[in-house]
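Residue strings, one per chain:
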Number of protein chains: 2
Amino acid sequence: MPDAVSLIHAKRDNTRSLTDAEIGWLFAAYASGDVADEQMAALLMAIYFNGLDGAELRAWTGEMIDSGERLNLTGFAAHGRPRPSVDKHSTGGVGDKVSLVLAPLVASCGAVVPMISGRGLGHTGGTLDKLESIPGWRASLGNQELTAALTSVGAVIAAAGSGLAPADRRLYALRDVTGTVESIPLIASSIMSKKIAEGTSALVLDVKTGSGAFMQDGQQALELARTMVALGVDHGVRTRALITRMDTPLGRAVGNALEVAEAIAALSGEGPEDLMEVTFALARQMLDLVGLDADPEQAVASGRALDTFRAMIKVQGGDPDAPLPQAAHRQGALPAAASGWVTRLDARAVGVAAWRLGAGRARKEDDVSHTAGVRCLAKPGDYVRQGEYVLELHADDPARFGPALEAVEGALAIGGEPPPRASLIVDQVGA
Amino acid sequence: MPDAVSLIHAKRDNTRSLTDAEIGWLFAAYASGDVADEQMAALLMAIYFNGLDGAELRAWTGEMIDSGERLNLTGFAAHGRPRPSVDKHSTGGVGDKVSLVLAPLVASCGAVVPMISGRGLGHTGGTLDKLESIPGWRASLGNQELTAALTSVGAVIAAAGSGLAPADRRLYALRDVTGTVESIPLIASSIMSKKIAEGTSALVLDVKTGSGAFMQDGQQALELARTMVALGVDHGVRTRALITRMDTPLGRAVGNALEVAEAIAALSGEGPEDLMEVTFALARQMLDLVGLDADPEQAVASGRALDTFRAMIKVQGGDPDAPLPQAAHRQGALPAAASGWVTRLDARAVGVAAWRLGAGRARKEDDVSHTAGVRCLAKPGDYVRQGEYVLELHADDPARFGPALEAVEGALAIGGEPPPRASLIVDQVGA
């Protein structure tokens, strides 16, 4: 019979792979209390150093999926045509409100989009936190409500129910306090176990790279993408990944209500160019994966995407016509030292500033401010005059401005000519 | 203020050294419960991979010492001459009953020897387990009893009281279940914190290397020795180490009462050559460290060492004249396949056999058999005739013989000429 210490030794010393049976025993024993948190923590740190090979990771992710229920998202139809399910997951970036635009957009093209999302921790915001700035909107849906919403609207953005991959929830909480979050196989299994359990038939991953991304290094982002795509395919989910740049905020708004407003503008055909580039690229991948021949740009232009967004908000209790809350205080920041073109506006610095203004949380139990955040008045490629503010800070409490200003020190560069334009889509993984 | 995750990250990523203040905070927070076992386990695994530098290890060991009391072992005298304190610690080997001979021997030469010892776990036996095979003898002594025994007898072998380095006891239990025992800085801090807290003024370390040793690799043994010597010197304890070979059992007896009998024989001038070589080498180092000009061979020959042993046993409730218990069953093992010289008798295999016969414990809470063990009828360098047994197994339960026989399969080699003789002392560390 396996025991925890011999499994830890095998991984610590990299002497051999853990077998499927051992990984199965481990999860059962962890659930029953026979393997203690301190033993799992030591194993997670050994995995941080020595990784998991393909077979180990497949078994590990399978145990996380099997720790809970797996939803069945087949059988949706509208106007006599089947509606295949497809989802998107982003590893998180600054100003990344793509989900808010993409879910209704792809649903309006004929798919169902069961987007199980999370909350923000640290300098990147969470999709649920953003939507909660809409008066009345609630993130929690039971499985029947989820199915009903997908039937009537075609898209849903909701919190994971407690039945989905409960082992992941416990492991993630343990990794969070034991300094073992930043491990590619552990990240991949955490993301993919929830997405696979959610029951989507296809999945597109947006793996961010650059200063504002969780994986700043391009090679690591590519490795994470390949690992997740392989896991999806192994478990019968058609999966692709795009690697996208996250060096500067996506769009001009960073912060919860500010990003909702920008998402609504995007659905109304007035979205910033970079946000639309990423959104349409992901939408085309999603539609292609499920064999839907639809034009996402047309879905926006026709107003169908916005209609679906409004219906999606309403079905979860939100009022799409209610005015969004606004911050009590605003302050200009980052005045241009000289006239010229913005060549750099650092995503991470802006993300940390928004976080310090109140848009994010330092600990899971913290509340977030709906209204706090940063507006980018100029972005790379824009021309600014000397003395013009590049950022506008929003906060409920003016005492927040000082720490936010510190965060953006050195985040701006201005040059004598416009920076070269480059696609935000740097790579694609998956067939 | 430090937090556990940032300390774990610093050690995991090897980005910087932990400061004295951080290590101080860590131990205080671990004691108060603000740092949880799972966080300490993750940090221990990160230390397994990335080590502790000299300053970190000094601070770490200092916190373990300061977690409890530090005894004061000065002021002993006999016949108007001061009796300096000196101790020995062995990293553990098969048949290693040196402590039983050495403590009374060195005490009989004019020192006081406050030998705080441990119990066995795995294939090497514990000194306290051996002595407990003497009828009436008890391992636990209060601090006043310890001082009284040192005053009257000069030597004591006893269990560590709960007041000595309690942080080490808690950390060792955590390392035991989390697969983080085999780390040189953690081993060094565990051993040295107890020895320094015990209050000895000088210390000689017997660091074993070879198949029967905890550190099988010679370079690792040397690194452990250097690390421990540096820690002792840092904390004001004159410390030296000998690296000694542990490829074959030390002496001919392996098992608790069997080893006590051999130790008494050694104190009576009838000890096996290899046991006496190591014992006298350690005794000379101990006496030299505290400036005592005495001849340990003479102390044995005169009977003074045996007298001190008898007094030491009596003062802890033991009866040195009571017959030692004997096993109910004996069985020959490892018949020589051919006549010739024994060239190899593997220490680890014999240790595992003794353990399976009942001499050792698999878990800390197990009992050990006083009588089980192995006698080596022939050792490397001895001539044997074809068919002669090389081992004699002792057990209370004959069902134990089968697993023990399996353990020694392949442990014996016989050659056409005697193996070369080499000193068991392979290196020395410390001034």
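You'll find the structure just up there.
What you see is a predicted model, and the numbers here were worked out from it, not measured in a lab.

## Examining the pattern of salt bridges
Summed over the entire model, instances satisfying the criterion amount to 48 salt bridges over all chains. As a salt-bridge pair, Lys 195 of chain A and Asp 87 of chain A come within 2.6 Å of each other at their nearest N and O atoms. Pair noted here: Lys 195 of chain A is in helix α9 (residues 184–198) and Asp 87 of chain A is in strand β3 (residues 87–90), with a separation of 108 residues, a long-range link. With its nearest N and O atoms 3.2 Å apart, the salt bridge here joins Glu 145 of chain B to Arg 138 of chain B. Residue Arg 138 of chain B is classed as partly exposed on the basis of its relative accessible area of 37%.

## What about the environment of Asp 307 of chain A?
Within the fold, Asp 307 of chain A resides in helix α14 (residues 304–315). Each C-alpha atom, one on Asp 307 of chain A and one on Ser 268 of chain A, is 9.7 Å from the other, the two residues being 39 residues apart in sequence.

## Some thoughts on the pairing of strand β7 (residues 238–245) of chain B
All names here are of chain B. Burial analysis of β7 places 6 of its 8 residues in the buried class, the great majority of the element. One ladder, built from 8 bridges, connects strand β6 (residues 202–209) with β7; its direction is parallel. Bridge pairing in β7 places Val 204 opposite Arg 240. Crossover connection from β6 via helix α10 (residues 218–234) to parallel β7: handedness right-handed.

## A look at the packing of aromatic side chains
Evaluation of the coordinates by the stated rule reveals 7 aromatic pairs over all chains. On the numbers, 5.0 Å between centres and 75° between planes, the contact of Trp 341 of chain A with Tyr 383 of chain A is edge-to-face. In this pair, Trp 341 of chain A sits in strand β10 (residues 340–345) while Tyr 383 of chain A sits in strand β12 (residues 383–384), placing the two residues 42 residues apart along the sequence. Clustering of aromatic rings is evident, with ring pairs tying together Tyr 48 and Phe 49 of chain A together with Tyr 48 and Phe 49 of chain B. Positioned over the ring face of Tyr 30 of chain A is Arg 170 of chain A, at 3.5 Å from the centre of the ring.

## So, the sheet that holds strand β8 (residues 253–255) of chain A
Residues and elements named next belong to chain A. Pairing in this open sheet of 4 strands is antiparallel, and the strands run β8-β11-β13-β9 from one edge to the other. Both outer strands of the open sheet, β8 and β9 (329–335), are each paired with one neighbouring strand and no more. Averaged over all pairs of adjacent strands, the angle between their axes in this sheet comes to 20°, without regard to strand direction. Sheet topology note: the β8/strand β11 (residues 373–376) ladder contains 3 bridges and is antiparallel. Bridge pairing in β11 places Gly 255 opposite Gly 373. Sitting on the sheet, helix α15 (residues 347–359) is in contact with β8, β11 and β13 (389–395), with an inclination near 140° to β11.

What counts, and at which threshold
Residues numbered from 1 in each chain as written. Chains lettered and ligands numbered in written order. Predicted model: local features only at pLDDT ≥ 70, side-chain atom pairs only at ≥ 80, totals over all residues. Heavy atoms only, no water. Salt bridge = Lys/Arg side-chain N within 4 Å of Asp/Glu carboxyl O. Helix = DSSP H or I, 4+ residues; strand = E, 2+ residues; numbered from the N terminus. Buried < 20%, exposed > 50% of the residue type's maximum accessible area, 1.4 Å probe, protein only. Pairing = 2+ DSSP bridges. Right-handed = clockwise from strand over helix to strand, strands pointing away. Phe/Tyr/Trp six-rings, centres within 6.5 Å; stacked < 30°, edge-to-face > 60°. Lys NZ or Arg CZ within 6 Å of the ring centre and 35° of its normal. Axes fitted to C-alpha atoms, helices over the stretch in contact; angles between N-to-C directions. Contact = heavy atoms within 4.5 Å.

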